[in-house]
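Reading the structure
Each chain, written out:
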Amino acid sequence: MASRSKQLWIWLAITALVALIVIPLWGPMRIAWRCYWLHENGVREQAEVMAKLPNANFALRVIDGPHAGEVCTADTSVAIYDDTEIGESLEVVYVEWKPGECELASTIEASGWLLWFVVAVIGSILAGLIALGVTLSRSFTRLVNPKRRMKVEAGEVRCHVCGEAMEEGYLPLVSGIQWRRIGEPIGLPHALKGLAGTVGWRGRPRLHAFRCSTCEIVSFQYGNPSENRPGQA
Ligand SMILES: [Zn+2]
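Residues numbered from 1 in each chain as written. Predicted model: local features only at pLDDT ≥ 70, side-chain atom pairs only at ≥ 80, totals over all residues. Heavy atoms only, no water.

To continue, consider the overall build of the protein chain. Within the protein chain one finds three helices and eight strands. Order of helices (α) and strands (β) in the protein chain, N terminus to C terminus: α-β-β-β-α-β-β-α-β-β-β. In the protein chain, the share of contacts with a sequence separation of at least 24, taken over all contacts with a separation of at least 6, comes to 61%. Accessible surface for the protein chain amounts to roughly 15400 Å². Of this, 60% is attributable to carbon and sulfur atoms. (Helix = DSSP H or I, 4+ residues; strand = E, 2+ residues; numbered from the N terminus. Contact = heavy atoms within 4.5 Å. Areas by Shrake-Rupley, 256 points an atom, 1.4 Å probe, with all protein chains shown as cover.)

This part is about the pattern of salt bridges. Pairing between side chains of opposite charge can happen when their charged atoms approach one another. Tallied over the full model, the rule gives five salt bridges. Across the pair Glu101 and Lys98 runs a salt bridge whose closest N-O atoms are separated by 3.8 Å. Looking at Lys98, the relative accessible area reads 39%, which means it is partly exposed. Close ionic contact of Glu168 with Arg149 constitutes a salt bridge, the shortest N to O distance being 3.1 Å. (Salt bridge = Lys/Arg side-chain N within 4 Å of Asp/Glu carboxyl O. Buried < 20%, exposed > 50% of the residue type's maximum accessible area, 1.4 Å probe, protein only.)

If you walk through the whole model with that rule in mind, you get one disulfide. Paired through a disulfide, Cys72 and Cys102 show a sulfur-sulfur distance of 2.1 Å. Classification of the bridge connecting Cys72 and Cys102 rests on its S-S torsion, roughly 75 degrees, and on that basis the disulfide is right-handed. In this pair, Cys72 sits in strand E3 (residues 71–75) while Cys102 sits in strand E5 (residues 102–104), placing the two residues 30 residues apart along the sequence. (Disulfide = S-S within 2.5 Å.)

Turning our eyes to something else, we now look at the environment of Pro205. Within the fold, Pro205 resides in the loop between strand E6 (167–172) and strand E7 (206–212). Take Pro205: its relative accessible area is 8%, and that puts it in the buried class. Pro205 sits 32 residues away from Leu173 along the chain, and the two C-alpha atoms are 5.5 Å apart. Those residues in contact with Pro205 that sit more than four places away from it in its chain are Leu171, Pro172, Leu173, Gly197, Thr198, Val199 and Gly200.

So, on to a negative patch on the surface. Together, Asp82, Asp83, Glu85 and Glu88 give the surface a local cluster of negative charge. Residue class for Asp83 comes out exposed when judged on its relative accessible area of 63%. (Patch = residues over 30% accessible without salt bridge, like charges linked within 9 Å, V, L, I, M, F, W, Y side chains within 5 Å. Lys, Arg positive; Asp, Glu negative; His and termini not counted. Charge placed at Lys NZ, Arg CZ, Asp CG, Glu CD.)

Structure below.
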């Protein structure tokens, strides 16, 4: 697959993931934003509970302030709904852009933090996904070389089994390469242990190598790139 079309697939997958995360959070986000706006800009008024409606909703009549006499509905938590009696007075903010609706001050206070929480969650997930996209996209386009080269002419390296010229390349490692002598116990091999220069604590190690695809043999050099060895270029 061409690198351009790989990149396209990477960004399509990232966009799909972003949509999968953002779409379900859109509802809570809107509610939180509305609560935050009302918290900052709304006029607090006292209202009397006229009736308790299904689904934890109240019908209220505003008794003071600029909307005195207006009737509005407000939803609340089940706990507040159960605790409140008809005739009680509650603090509300009238929703100017939706006549007939108000929010309880308690709801606004309780969900004000939700906006920042949701924004922080969405923000970090999106930043993480974009960073992942950039990293993946770079790994398909950036030209890389091994960190050090063996002191040999590429055309001169021959397969020790068939004698044919070996192809030059490098081994990108995802975990350390383990070495045991014949008959030696295997021990406990893991990704963060291995031959010098094969463990990727900082970035992915790249070992200069030669390959014979006929015999399926790879010959490579390991070791710390900063240390001088006889075979190092
Ligand atoms: Zn060979």
